Amino acid sequence: MQISNRLSGSVLAALGAAAAWGGSRLPPVPGQDVGPAAFPMVIGFGLVACGVLIALGIGRSFEVEETPEPLTWRVLVPPGLLVFYVLAANELGFLLTAAAMVLAAGLALGARPRLALAMAVIAPPLVHLAFYKLLRVPLPAGLLPAPWA
Amino acid sequence: MNDLAEAVRIVLATDVLIAILASAVYGLVVGSLPGLSATMATALLVPVTFWLSPIAAIATIITASAMAIFSGDIPGALLRIPGTPASAAYTDEAYAMTRKGQAELALGAGLWFSAIGGIVGTLSLMLMAPLLAEMALSFSSYEYFWLALLGLMCATLVARSSPIKAIASMLLGLLIACIGMENPAGTPRFTFGVTDLLGGIEPIPALVGVFAVSEVMRAMASAEPPKLPPRRFGSILANQWLLTKRYQWQMWRGNIVGIIIGVLPGAGADMAAWVSYAMSKKFSRTPELFGTGHPEGLVEAGASNNASLASGWVPSLLFGIPGDTITAIAIGVLYMKGLNPGPTLFTERASSMYALYIIFILANIIMIPLGIVMIRLASVVLRAPRSAVMPVILLLCAVGAFAIGNNPFSVLMVGVFGVLGFVMERQGFPVAALVLGIVMGNMVEQNFVTSLIKSDGDVWPFFERPVSSVLAAFTIGALLWPLGVWIWNRLKSTTGEIVR
Amino acid sequence: MIERRTLLAATTALAAPAMAQPRWPARPVTLLCPWAAGGGTDAVIRIIGQLLERELGQPFNVVNRTGGSGVVGHAALASAAPDGYTLGMITAEICMLHWQGLTELTFRNFTPLGLMNNDPPGVLVNGASPHRTVNALADAIKASRPGQLKASGTGQGGIWHLALAGWLDAMGLRADHVRWVPSNGAAPAMQDLAANGLDFTTNSLPEGRAIIDAGRARALAVMGPERLGAFPQVPTLKEAMGLDYSTGAWRGIAGPLNLPVEIATAMGAALKKVYDGEEYKAFLNSRGFGLTYADGAGFGRHLVAADASLGAAMRGAGLAR
């Protein structure tokens, strides 16, 4: 964990420095002494301080040592599917996009194909019904409009 | 007394009773869905209230919000995915209890103490509204600044990881809250020319991302955890009486803190839960048990957030100033229905007021049976295969985020925060502190900057007003306390070494 | 509600065969609201939607498209297909945001259909303030050091901030003679006023109504052309000080550019009927909202004038890019 602490601490310190620098360049507001710069700068300096302390390993004694699972490419599936939803929902419509999402996520989680397919067929119409009909959220119709829309 | 009889008659009208029952079910379901908060549940009700009679309309909001705040605990306890920001404070605790096989105790505590908190909060609204309102109006930006700082410090008290990482997470949250132009200067900050960032980052997509999406991401990397021992869910209320007796003092403290924080406009149930959970840990005889599946903090925080929900109506009803985001929406509905907030609501329309009180009490009572049914239904997900549950949660995250402003950008944000939450957890940074930072960021900056503007840059007024001086003493004391303890221990150990 | 709706559906179903060509609106219309549910704009557009449904026989569903300080919702309306099935509300911010360089979008990206409401700013002081009239307050302002007095009502550069700047300008003072304390909307500002944290606020009177009723705040004047129905005892600036200054946060219905003329005409006529109806007036009066109407062409002229005057006020206050 020590190496990653050094990395995360440095990243935070760099982010803090960038925030403070970016904040300091914000234009002052006419007629006000305290402008938009003050708060980001305070936070930025705070982050730099925390980042340095973390990188130096201070406060490590409080942590419970845990060994995280090894990374696989599959962890990127959920955020990837959310991006897919944003890009595809308007064209494909909610039902098709949602079905694709549920199917892909189910398979990536190791579901048997039959279960994943069943979920992909059942879940999207139910969610659509609840959100579109009950909560009046304007979900896009796209290629396959729901029969109740 | 005539007013009271009239109020009972109003509440017992068929349309009002149906509205209460329907919105109770609605609130329970919506609050339990990851991605839909109690505020969202209320906002999505507005179009419906348009068609209802005034009392029925308000009844739906009162009932649905109380139910949603409670049922936000359900996905938190079962899946480690808090349904509302108010649950984020103690999600890890409740989930730890579930892993110990005590899901029914954790959820039962949430239900039981939420209902008690709601009823005590309502009593405070009925008996002390003018007094509480007086207190709310004595808070100026100076007092709010100290209050917000105190709230932020809870992040470090609650965290089980290193306090420095907790502070770093909180600061990151505050930095994220800087994004957009909803700052005192009205200047776009860190928007990088993206229009959707002008309005800033909403807390809900962030909450959903760092908890729900990152949980789905973790599921991708890990093998399916061993199934919990296949035993029947025990009686949900059986042990609550025991907890009530054992943690009576904590319950009352939670109720009182909740009422006070709820009355202060702008703070609300989220902050009440955090402060109460942190207080519970601070004053506990066994603080080391917190986070390992210990019900003490759940009792206090559960009692607190529903109490704050009820007392948040005090400034809303008396002055039209919302106590939190839920009452902000409710005020709009009150006006729309001709029940204009103001002192006249209490005097000239006393029967309507009594009706609202009765609805509050009624909602918190029916919460118990309906909540039990909901818990039993929801606990099915503990038995369902993970590969069937997680994809649906991901879908709900997307739709829930979209529903906030019918804006696909929020869905993108959920994904971004999912990655952020995943990385942070792996590095040992508590994500709950990040959420607290995002929720509180605007309040901290707003009150800091406006106070400085009002005082022409002078720091003295921060300590000058009576209430603010007390709050300042609290904050600075809490800030210096750990440092003092640390120095004391250091001195003791060094002198000890010399002697040895 | 269910009965009325089924009745409505039944009558439209009966009437449908009689019409050869599917006339607008043949299906439900979406009304975009650039601000969140439960706010003032939301309330106004919802009552309009409800009354339009009665007028035109199709549901008018309100959809809140929030974000970006109103930019997102306005942009969504401007870029919607001009088929008459996506209309919405545009608010004063559309004539302010582009001056701040926050969007390319201006009122020219819309087809104005009807101006429906205008809330003039007020002048409010703490209930225990020594200033009993707006003239007394104005004298105190003139006698004060620049920046000594503090006022609020909304965020920096918001409509009520411009109202203050315009009022100070009309009194012959600098636009920043009174220090603006930015707030998250009118409610926190009213609270701070009641907590004695401010000298006065310039938000609209309905926004402070409950606190005024509670005696914690006092309305001294309204910066509009005439008194408000809900506050008949509060004088206008012109009556009290002889100052011919008035402004307001207005709201109107508009569609995307290139809306077909038939639809614009039909919608304009329906909006006029809504405005003239008792229900709309009663609703706005009950909330204390200001009644103002202009048809499509009149709304267009209003937009040109408002864009110029708000731009001038923002430049005067140093808020424009």
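Since this is a predicted model, take the numbers as computed values, not measurements.

J.: Explain the confidence of the model for chain B to me, please; I cannot follow it from the model alone.
T.: Predicted coordinates in regions of low pLDDT should not be interpreted in detail. For chain B, per-residue confidence averages 86 on the pLDDT scale, and 96% of positions sit at 70 or higher. By mean pLDDT, helix α25 (residues 466-499) of chain B is the weakest element of chain B at 74, and helix α22 (residues 408-426) of chain B is the strongest at 93.

J.: Any chance you could explain the interface of chain B and chain A here in plain terms?
T.: One widely used convention gives an interface's size as the accessible area the parts lose upon coming together. Facing 63 residues of chain B, the contacting portion of chain A comprises 63 residues. At the boundary of chain B with chain A, total buried surface from both sides reaches about 5,500 Å², with 82% on carbon and sulfur atoms. When the buried surface of chain B facing chain A is broken down by residue, Met220(B), Leu395(B) and Arg426(B) rank first, second and third, together holding 14% of it. Remark: the boundary between chain B and chain A carries 0 salt bridges. In this structure, the connection of chain B to chain A is made through 4 residue pairs in polar contact (both at pLDDT 80 or more).

J.: Is there a simple way to explain the sheet that holds strand β11 (residues 291-295) of chain C in this structure?
T.: Backbone-to-backbone hydrogen bonds join strands into a sheet, with any given pair of strands oriented parallel or antiparallel. Residues and elements named next belong to chain C. Read from one edge to the other, the open sheet built from 6 strands follows the order β2-β1-β3-β10-β4-β11, with strand pairing classed as mixed. On the outer flanks of this sheet lie β2 (60-64) and β11, each paired with one strand and no other. On average, each strand axis in the sheet is tilted by 25° relative to the strand beside it, whichever way the strands run. With 8 bridges joining them, strand β4 (residues 110-119) and strand β10 (residues 249-256) adopt antiparallel strand pairing. Across the sheet, Asp119 pairs through a bridge with Ala249, a residue of β10. Most of the contacts of helix α11 (residues 296-316) go to β4, to which it runs at about 75°, and overall it touches β3 (86-91), β4, β10 and β11.

J.: Sorry, what's going on with the packing of helix α4 (residues 94-108) of chain A against helix α5 (residues 113-134) of chain A here?
T.: Helix-helix packing: each pair is described by the crossing angle between the helix axes and the interaxial distance. All names here are of chain A. One can describe the packing of α4 onto α5 by two numbers: an axis separation of 8 Å at closest approach and a directional angle of 145°. Relative to α5, α4 is oriented so that their crossing is right-handed. Counted together, Phe94, Leu95, Ala98, Ala99, Val102, Leu103, Gly106 and Leu107 of α4 and Pro113, Ala116, Leu117, Met119, Ala120, Pro124, Pro125, Val127 and His128 of α5 form the full contact between these two elements. Classifying every residue of the contact of α4 with α5 gives 15 nonpolar, 2 polar and no charged.

J.: Even after reading the chapter, I still don't get helix α10 (residues 278-287) of chain C, so can you show me in this structure?
T.: Since the α-helix advances by 3.6 residues per turn, residues separated by three or four positions end up pointing in the same direction. Residues of α10(C) that are buried include every one of Tyr280(C), Phe283(C), Leu284(C) and Arg287(C), and no others. Axial view of α10(C): buried residues confined to an arc of 90°, hence all on one face. Close packing links the buried residues of α10(C) with α17 (325-336) of chain B together with α2 (40-56), β4, α7 (209-213), α9 (261-276) and β11 of chain C. Looking at the residues trailing α10(C), positive phi occurs at Gly288(C), about 85°.

J.: How should the domain arrangement of chain B be read in this particular structure?
T.: Residues and elements named next belong to chain B. For chain B, the domain assignment lists domain 1 (2-223 + 238-464) and domain 2 (465-500). With centres defined by C-alpha atoms, the gap from domain 1 to domain 2 works out at 32 Å. Across the domain 1 to domain 2 interface the summed buried area is about 1,100 Å²; carbon plus sulfur atoms make up 73%. In terms of surface lost to domain 2, no three residues of domain 1 exceed Glu143, Trp146 and Met153, which account for 41% of the buried area on that side. Where domain 1 meets domain 2, there are 1 salt bridge. Counting every contact that joins domain 1 to domain 2 gives 3 residue pairs in polar contact (both at pLDDT 80 or more). Elements with a contribution of two residues or more to the side of domain 1 that touches domain 2: α9 (141-158) and α24 (461-464). No other element matches the 6 residues that α9 contributes to the side of domain 1 that touches domain 2. Looking at the side of domain 1 that touches domain 2 residue by residue, the class counts come to 9 nonpolar, 2 polar and 3 charged.

J.: Help me understand the interface of chain B and chain C in this model?
T.: Taken together, the 50 residues of chain B in the interface contact 49 residues of chain C. Surface buried jointly by chain B and chain C totals about 3,900 Å² across both partners, of which 57% is contributed by carbon and sulfur atoms. Counting across the interface, chain B meets chain C through 4 salt bridges. Two residues, Asp456(B) and Arg179(C), come together in a salt bridge whose shortest N-O distance is 3.8 Å. Taken together, the connections running from chain B to chain C amount to 11 residue pairs in polar contact (both at pLDDT 80 or more). Within the residue set of the side of chain B that touches chain C, elements represented by two or more residues are α3 (38-49), α8 (103-137), α9, α16 (313-319), α17, α21 (386-405) and α23 (431-454) of chain B. Class assignment for the residues of the side of chain B that touches chain C results in 28 nonpolar, 16 polar and 6 charged.

Reading the values: rules and limits
Residues numbered from 1 in each chain as written. Chains lettered and ligands numbered in written order. Predicted model: local features only at pLDDT ≥ 70, side-chain atom pairs only at ≥ 80, totals over all residues. Heavy atoms only, no water. pLDDT = per-residue confidence, 0-100. Helix = DSSP H or I, 4+ residues; strand = E, 2+ residues; numbered from the N terminus. Contact = heavy atoms within 4.5 Å. Buried area = accessible area lost by both parts, 1.4 Å probe. Salt bridge = Lys/Arg side-chain N within 4 Å of Asp/Glu carboxyl O. Polar contact = N/O pair within 3.5 Å; in protein donor to acceptor, adjacent residues only side chain to side chain. Pairing = 2+ DSSP bridges. Axes fitted to C-alpha atoms, helices over the stretch in contact; angles between N-to-C directions. Left-handed = near helix turned anticlockwise from the far one by under 90°. Nonpolar A, V, L, I, M, F, W, Y, C, P; charged D, E, K, R; others polar. Buried < 20%, exposed > 50% of the residue type's maximum accessible area, 1.4 Å probe, protein only. Arc of directions from axis to C-beta. Domains from an automatic or database assignment.

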